[in-house]
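Chain residues, written in single-letter form:
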Amino acid sequence: MANGPAGLSAGPFTVQQATTLAPGDSGEVVFTLSDELPNGPWDATLSLKSGLVEREVTATITFPDAGVGETVAPNEAPVLLITLVSSGVLLLLIAAGTLIVLRRRRKTATPAVETAHADASV
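A brief structural summary.

Reading the values: rules and limits
Residues numbered from 1 in each chain as written. Predicted model: local features only at pLDDT ≥ 70, side-chain atom pairs only at ≥ 80, totals over all residues. Heavy atoms only, no water. Helix = DSSP H or I, 4+ residues; strand = E, 2+ residues; numbered from the N terminus. Buried < 20%, exposed > 50% of the residue type's maximum accessible area, 1.4 Å probe, protein only. Contact = heavy atoms within 4.5 Å. Areas by Shrake-Rupley, 256 points an atom, 1.4 Å probe, with all protein chains shown as cover. Pairing = 2+ DSSP bridges. Patch = residues over 30% accessible without salt bridge, like charges linked within 9 Å, V, L, I, M, F, W, Y side chains within 5 Å. Salt bridge = Lys/Arg side-chain N within 4 Å of Asp/Glu carboxyl O. Lys, Arg positive; Asp, Glu negative; His and termini not counted. Charge placed at Lys NZ, Arg CZ, Asp CG, Glu CD. Core = buried A, V, L, I, M, F, W, Y, C linked by side-chain atoms within 4.5 Å.

1. Quick word on the overall build of the protein chain
Per the secondary structure count, the protein chain includes one helix and two strands. Start at the N end of the protein chain and walk to the C end: the helices and strands fall as β-β-α. Across the 122 residues in the protein chain, those meeting the buried criterion constitute 7%. Within the protein chain, residue pairs in contact and separated by at least 24 positions form 34% of the contacts whose partners lie at least 6 positions apart. Counting only carbon and sulfur atoms, one obtains 60% of the accessible surface of the protein chain, whose full area is about 10400 Å².

What follows is the structure in structure tokens.
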């Protein structure tokens, strides 16, 4: 958490219980914040990592004086942008790899054909 009241920062906070999810599943992550934190607003960043998969979302949050506060939706634009850029890079890598494989096959196939023609003319 950053940019809190008077420029305060807090965290990182540790998840209290790990959850295992199958691909496509969703779950909840629970962590406890100190009662001493001012109400906000705060710029909150949530980063979760499991193996090679890592997700990060940001949102501006404010804690209520009492009771339950409003649900805050994360700012999805950076996640969507990162997903689109990553997909584009992946497609370019696949295209480049395909071109390299095709060129190598042509180079190795061409000498074999020329050798066969040379043997036939003898």
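2. Some details on the pairing of strand β1 (residues 42–50)
Where β1 lies against strand β2 (residues 53–61), nine bridges are found, and the strand directions are antiparallel. Bridge pairing links Trp-42 to Ile-61 in β2. Between β1 and β2, which pair antiparallel and follow one another directly, the connecting turn spans two residues, one of which, Gly-51, has a positive phi of 60 degrees.

3. Some words on unusual backbone geometry
Cis geometry is found at the peptide bond from Gly-11 to Pro-12, where omega equals 10 degrees. Within the secondary structure layout, Pro-12 lies in the segment before β1. The amide bond that connects Gly-40 to the next residue, Pro-41, takes the cis arrangement and shows omega of 15 degrees. Position of Pro-41 relative to the elements: it lies in the segment before β1. Of note in the backbone geometry, Asn-3 takes a positive phi value of approximately 55 degrees without being a glycine. Here Asn-3 is to be found in the segment before β1. Backbone geometry at Ala-6 places phi at a positive 60 degrees, although glycine is not the residue there. Positionally, Ala-6 belongs in the segment before β1.

4. Digging into a positive patch on the surface
On the surface, a cluster of positive charge is contributed by Arg-103, Arg-104, Arg-106 and Lys-107. On the secondary structure map, Arg-106 appears in helix α1 (residues 77–121).

5. Concerning the nonpolar core
By size, the foremost hydrophobic cluster in this structure holds six residues: Met-1, Ala-10, Leu-37, Trp-42, Ala-44 and Ile-61. Not counting residues up to four positions away in its chain, the partners in contact with Leu-37 are Met-1, Ala-10, Phe-13 and Trp-42.

6. Quick notes on the environment of Ala-59
Position of Ala-59 relative to the elements: it lies in strand β2. Ala-59 sits 15 residues away from Ala-44 along the chain, and the two C-alpha atoms are 5.4 Å apart.

7. Structural notes on a nonpolar patch on the surface
Where nonpolar side chains cluster on the molecular surface, the patch consists of Phe-13, Val-15, Val-29, Phe-31, Leu-46 and Leu-48 and spans about 410 Å² of accessible area. The exposure class assigned to Leu-46 is partly exposed, which follows from its relative accessible area of 33%.

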